[in-house]
Amino acid sequence: MSQYRVRTPEPRSRLSQALAQVMNETRQRQLESEQQGLSSLEHLIRVAQGHSGQSHHLRRLLLALYNGDSWPFEMQRLRGLDADLQADALTVIQMATYSGHEIHTFIEGGDALLKRFWEIEEANDE
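Criteria and thresholds
- Residues numbered from 1 in each chain as written.
- Predicted model: local features only at pLDDT ≥ 70, side-chain atom pairs only at ≥ 80, totals over all residues.
- Heavy atoms only, no water.
- Helix = DSSP H or I, 4+ residues; strand = E, 2+ residues; numbered from the N terminus.
- Expected span 1.5 Å × (residues − 1).
- Bend = angle between axes of the 7 residues up to and from the residue.
- Buried < 20%, exposed > 50% of the residue type's maximum accessible area, 1.4 Å probe, protein only.
- Contact = heavy atoms within 4.5 Å.
- Phe/Tyr/Trp six-rings, centres within 6.5 Å; stacked < 30°, edge-to-face > 60°.
- Lys NZ or Arg CZ within 6 Å of the ring centre and 35° of its normal.
- Arc of directions from axis to C-beta.
- Salt bridge = Lys/Arg side-chain N within 4 Å of Asp/Glu carboxyl O.
- Core = buried A, V, L, I, M, F, W, Y, C linked by side-chain atoms within 4.5 Å.
- Polar contact = N/O pair within 3.5 Å; in protein donor to acceptor, adjacent residues only side chain to side chain.

Some remarks on helix α1 (residues 14-48)
Helical geometry note: an α-helix holds 3.6 residues per turn, so side chains three or four residues apart project in the same direction. With 35 residues, α1 extends 48 Å between its outermost C-alpha atoms, agreeing within 8% with the 51 Å of an ideal straight helix rising 1.5 Å per residue. Remark: the principal bend of α1, roughly 35°, maps to G37. Among all positions in α1, only A20, Q30, S33, E34, G37, S40, L41, H43, L44, I45 and A48 are buried. The inward-facing, buried residues of α1 contact α2 (53-66), α3 (83-98) and α4 (110-125).

Structural notes on the packing of aromatic side chains
As enumerated under the stated definition, the model contains two aromatic pairs in all. Through pairs of rings, three or more aromatic residues link up here, namely Y66, W71 and W118. Against the face of Y98 rests R29, its NZ or CZ located 4.9 Å from the ring centre.

So, α4
Compared with an ideal rise of 1.5 Å per residue, which puts 16 residues at 22 Å, α4 spans 22 Å between its outermost C-alpha atoms and is within 8% of the ideal. Of all the positions in α4, only G110, L113, L114, F117 and E121 are classed as buried. With its buried residues spanning 90° around the axis, α4 presents them on a single face. Away from the buried face of α4 by more than 90 degrees, exposed residues A112 and E119 are located.

What to know about the pattern of salt bridges
In the structure shown here, the tally under the stated rule is five salt bridges. Linking R59 and E121 is a salt bridge whose minimum nitrogen-to-oxygen distance equals 2.6 Å. Residue R59 is located in helix α2, and its partner E121 is located in helix α4; the two are separated by 62 residues in the primary sequence. Each member of the pair, R59 together with E121, is buried.

A closer look at the nonpolar core
Counting 23 residues, the largest nonpolar core has L41, L44, L58, L62, I103, L114 and F117 as its most contacted members. Those elements that provide at least two residues to this core are α1, α2, α3 and α4. The element best represented in this core is α2, accounting for six residues.

Let's talk about the side chain of E121
With relative accessibility at 0%, the residue E121 sits in the buried group. At 2.6 Å, the side chain of E121 and the side chain of R59 are in polar contact. Those residues in contact with E121 that sit more than four places away from it in its chain are H56, R59, R60, L63 and W71.

A few points about the side chain of Q54
Considering the arrangement of structural elements, one finds Q54 in helix α2. Residues within four places of Q54 in sequence aside, it is in contact with V47, G80, L81, D82 and L85.

Shown next as structure tokens:
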């Protein structure tokens, strides 16, 4: 008889089961935040391309999500938005937090669009 015995693997440990559950919940949160956030992001982009005060605040929000070091976002700007834009802004913030993707990657030509917003806002600061 051989000195080596075949054994069946042990069931997953509680720790690995808990880790798998957390990973599944995190992925589910990512997917849900992306699904909810995409239409909100489209709405914010449409308004941000305008010339109103709300457009200005939304450009600043989108730039903060794009490059927060260069464009810190002052929270009082949310008060300058209509209720539906506030809700969309919070949804997009949640999407940016949980999705694991940079905000500009959700937008076709997103990098160029946000660079254009950057130029507009730099000109506003002068």
